[in-house]
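Letter by letter, the chains look like this.
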Amino acid sequence: MIKDALVTLASTNFEELINFYTQLLEKKPTTIIPNIYAEFQICGWRLGIFQPKQTHASEFASSSTSKISLCLEVSNLENAIAHLTTLGYPPPGEISLAAHGREIYAYDPDGNRLILHEAINSDRVMKQK
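What counts as what
- Residues numbered from 1 in each chain as written.
- Predicted model: local features only at pLDDT ≥ 70, side-chain atom pairs only at ≥ 80, totals over all residues.
- Heavy atoms only, no water.
- Core = buried A, V, L, I, M, F, W, Y, C linked by side-chain atoms within 4.5 Å.
- Buried < 20%, exposed > 50% of the residue type's maximum accessible area, 1.4 Å probe, protein only.
- Contact = heavy atoms within 4.5 Å.
- Helix = DSSP H or I, 4+ residues; strand = E, 2+ residues; numbered from the N terminus.
- Expected span 1.5 Å × (residues − 1).
- Arc of directions from axis to C-beta.
- Pairing = 2+ DSSP bridges.
- Axes fitted to C-alpha atoms, helices over the stretch in contact; angles between N-to-C directions.

Chemist: I'm lost on the nonpolar core in this one. Help?
Modeler: As a rule of thumb, nonpolar side chains are buried together in soluble globular proteins. With 25 residues, the main nonpolar core has Y21, L24, I49, L114 and L116 as its most contacted residues. L116 has contacts with L72, V74, L77, A80, L84, R102, E103 and I104, leaving out every residue within four places of it along the chain.

Chemist: Any chance you could explain helix α1 (residues 14-25) here in plain terms?
Modeler: For an α-helix the count is 3.6 residues per turn, leaving residues at separations of three or four pointing the same way. Between its terminal C-alpha atoms α1 stretches 16 Å, which fits the 16 Å expected from 12 residues at 1.5 Å a residue. Within α1, burial applies to F14, L17, I18, F20, Y21, L24 and L25. One face of α1 carries all of its buried residues, which in axial projection span an arc of 160°. At the exit of α1 stands E26, carrying a positive phi of roughly 55°.

Chemist: Looking at this model, I keep getting lost on the pairing of strand β8 (residues 113-119). Mind explaining?
Modeler: Look at any regular strand and the pattern is simple: side chains alternate between the two faces of the sheet. Burial runs high along β8: five of the seven residues are buried. Where strand β5 (residues 69-73) lies against β8, five bridges are found, and the strand directions are parallel. When the bridges of β8 are listed, S69 appears paired with R113. In terms of strand pairing, strand β7 (residues 101-107) meets β8 through seven bridges, oriented antiparallel. Following the sheet pairing, Y105 is matched in β8 by I115. Taken together, β7 and the strand that follows it, β8, pair antiparallel across an intervening segment of five residues, in which G111 is found at a positive phi of about 90°.

Chemist: Explain the sheet that holds strand β2 (residues 31-33) to me, please; I cannot follow it from the model alone.
Modeler: Whenever strands of a sheet pair, they do so through backbone hydrogen bonds, lying parallel or antiparallel. Across the sheet, which stays open at both edges, the four strands sit in the order β1-β4-β3-β2 with mixed pairing between neighbours. Whereas interior strands pair on both sides, the edge strands pair on one side only; in this sheet they are β1 (7-10) and β2. Between one strand and the next, the sheet's axes are offset by a mean angle of 15°, whatever the strand orientation. With respect to the sheet, α1 is in contact with β1, β2, β3 (37-42) and β4 (45-50), its orientation differing from that of β3 by roughly 15°.

Structure, rendered in structure tokens:
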């Protein structure tokens, strides 16, 4: 029944969000329709960003916090934090430990939460025992 799926973010700051994700992901969108839509291919899934039509702009103009969390697994959490900081969006908190690894929250220019996650590898798990 379902043929495909992707995550999309609506933004009235379309260009700023496209620039942010281009720099964060270190790749250009695979699809771009200027001022309307851009799409990134990321590890087997797609992230779409669209500019809402004027008739729907008020729906996305709320200043309330976004409910989305975009979880990105990284190979080195400190390097990812440094990269976000260079982009001007340093994570506001500290690294936390979870059963599945280390993570930190950050936010994109529209306030969507990013969870940068570094998985515990089997070598690290063995050393902790």
